[in-house]
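# Structural characterization, general
What follows is the residue order along each chain.
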Amino acid sequence: MTHANWAGNHRYRADRLHRPATLEQVQEIVSRAPQVRVLGSRHSFNAIADSGELLSLDALPADVIVDRAAATVSFGAALRYGELAAVLDAEGLALHNLASLPHISVAGAVATATHGSGDANGNLATAVAGLEIVTSSGEVVRASRGDADFNGLVVGLGALGAVTRVTLDVEPAYEVRQRVFEGVGWEALFDHLDEIMASGYSVSVFSLWGETSHQVWVKSRYADPVRPDLFGARAATTDLHPITGHDPVNCTQQLGVPGPWSDRLPHFRMGFTPSSGDELQSEYLVPRAHAVAAIGAVRGLADAVRPLLQVTEIRTVAADRLWMSPQYGRDTVGIHFTWKREQDAVERVLVDVEAALEPFGARPHWGKLFLAGAEAIGPLYERLPDFARLAGRLDPRGAFRNPWLIERVVGS
Ligand SMILES: Cc1cc2nc3c(=O)[nH]c(=O)nc-3n(C[C@H](O)[C@H](O)[C@H](O)COP(=O)(O)OP(=O)(O)OC[C@H]3O[C@@H](n4cnc5c(N)ncnc54)[C@H](O)[C@@H]3O)c2cc1C
């Protein structure tokens, strides 16, 4: 197969890409394939999605159904957040949060516990109220929040079956305005991190590990008060891109102009290249209680990190109960790196980054580049034995078990 992931740093080794158009075809393909995985929108930076055969579900009908009484929306799993948001906007509805880009598929994002920011916002998987999954026997399993093992099914790492439909919680549409503050000093950041991260509904600190923290993006719900300054830093008066030298036309509108949730919560606009487009990414999720110490530890590596870095982003994510979520049982701070596309050099610096963050129990983002193997990851996830049992029950023949899962998560 000639397909590569979005970043171009992984070429899928699968020799077949199926495009089923009905649930019955998914059942037939999955039950016959010796080794299989579903491919989402290919935005992960590692081999998590690879297998002997792959399925794209984008030919399944999206069939978006809003249930106002239940405050949910359900739809075909290949739908991208940007496409879903267009339907929800028209219905006057919203999701609780979005990632930095609307281009990713909902099922792929949920499978890796993709997140946005906000002290009170769980990752995107926490909005999942129900799933429809085709297991490796071809059986269709439907599960809802509250069912036994549901908290194990949601962040499934693609390892439990083909998710064909997703149901998400919705809420009434809301407006957001975002402002960007430049040059917040490190002292202010370290002394007032909690206050800065609480200064909006969703806050991102961008850093180049230089003299100051670079940019702080504050996204506020329209009715919430906004601050005129952030510890001496004034709000920018022109739109900015978080990566130096890139055109802000790719970014959602700033300068405090109110707009729909779907057009402010992501940093990047649908239809435009997100981020730099020529990059690799890594991210480590650290318990919130260690945020300042962990950020300080990475700052100690600034000289090694900076030559390979396009930008770092620091975000907060609320705790949840999803077994394989990096936020399981703990509020977290995410320390993210957008790297230049120099994988060997990046992997060499990740040795130091992972060693610096190891004392804090850092959990790597499942969809990004990391070095840790199953022996290091296992102890970080207390529900991993339950997850392995669930995978064994739903997929006894191991059709969805790929080399990445064995090497990085469950071990041999
Ligand atoms: C430019 C860029 C910006 C990003 N920004 C963020 C961010 O703000 N926050 C963040 O947390 N992450 C971010 N990411 C990471 C991204 O959200 C994750 O890698 C996510 O998994 C991508 O979703 P996908 O649909 O592309 O999944 P893929 O990479 O295609 O697949 C990921 C996993 O999901 C599984 N999967 C996909 N669909 C299904 C299905 N229907 N059934 C079963 N399993 C399935 C695959 O088998 C695989 O295991 C970013 C990535 C890029 C490239």
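Residues numbered from 1 in each chain as written. Predicted model: local features only at pLDDT ≥ 70, side-chain atom pairs only at ≥ 80, totals over all residues. Heavy atoms only, no water.

## With respect to the overall build of the protein
Along the protein, the regular secondary structure elements total 12 helices and 20 strands. What you see for the protein is a C-alpha radius of gyration of 20 Å, in line with the 22 Å of a compact globule of 412 residues. Taken along its principal axes, the extent of the C-alpha atoms in the protein is 60 × 45 × 40 Å. When burial is assessed residue by residue, the protein has 58% of its 412 residues classed as buried. Taking the contacts inside the protein whose residues are at least 6 apart along the sequence as the reference set, 74% of them involve residues at least 24 apart. About 15,700 Å² of surface is accessible on the protein, with carbon and sulfur atoms providing 50% of the total. Of the charged side chains in the protein, 37 are positive and 48 negative; the average position of the first set lies 2 Å away from that of the second. (Helix = DSSP H or I, 4+ residues; strand = E, 2+ residues; numbered from the N terminus. Rg over C-alpha atoms; globule rule 2.2 N^0.38 Å. Buried < 20%, exposed > 50% of the residue type's maximum accessible area, 1.4 Å probe, protein only. Contact = heavy atoms within 4.5 Å. Areas by Shrake-Rupley, 256 points an atom, 1.4 Å probe, with all protein chains shown as cover. Lys, Arg positive; Asp, Glu negative; His and termini not counted. Charge placed at Lys NZ, Arg CZ, Asp CG, Glu CD.)

## Quick word on the nonpolar core
Counting residues in hydrophobic clusters, the biggest one holds 104 residues, and the most contacted among them are Leu168, Trp209 and Trp366. Considering every element that reaches this core, the biggest residue donor is helix α9 (residues 343–357), with 7 residues. (Core = buried A, V, L, I, M, F, W, Y, C linked by side-chain atoms within 4.5 Å.)

## Remarks on the site of the ligand
Taken together, the neighbourhood of the ligand is formed by 37 residues, with Val38, His43, Ser44, Ser105 and His365 sitting nearest. Here an oxygen atom of the ligand and a side-chain polar atom of Arg37 are 3.0 Å apart. Val38 is positioned with one of its backbone polar atoms (N or O) 2.6 Å from an oxygen atom of the ligand. A total of 970 Å² of accessible area belongs to the ligand in isolation, and the protein chains cover 99% of it. If you list the elements that add at least two residues to the shell around the ligand, you get β2 (36–39), α3 (106–111) and β9 (162–169). For the shell around the ligand, the leading source of residues is α3, giving 4 residues. (Near = heavy atom within 4 Å. Polar contact = N/O pair within 3.5 Å; in protein donor to acceptor, adjacent residues only side chain to side chain.)

## Digging into the sheet that holds strand β17 (residues 280–287)
Hydrogen bonds between backbone groups are what pair the strands of a sheet, and the pairing can be parallel or antiparallel. Spatially, β16-β11-β13-β12-β18-β19-β17-β20 is the arrangement adopted by the 8 strands of the open sheet, whose pairing is antiparallel. Taken across any chain shown, the strands that pair with only one partner, and hence form the sheet edges, are β16 (259–260) and β20 (363–364). Across 2 bridges, strand β11 (residues 175–182) lies against β16 in antiparallel orientation. Bridge assignment links Glu175 to a residue of β16, and that residue is Pro260. Together, β17, β18 (309–317) and β19 (332–339) form the strand contacts of helix α7 (residues 291–299), whose direction differs from that of β19 by roughly 20 degrees. (Pairing = 2+ DSSP bridges. Axes fitted to C-alpha atoms, helices over the stretch in contact; angles between N-to-C directions.)

## What to know about the environment of Glu407
Along the chain, Glu407 turns up in helix α12 (residues 403–410). Each C-alpha atom of the pair Glu407 and Ala372 lies 9.2 Å from the other, and the pair is 35 residues apart in sequence.

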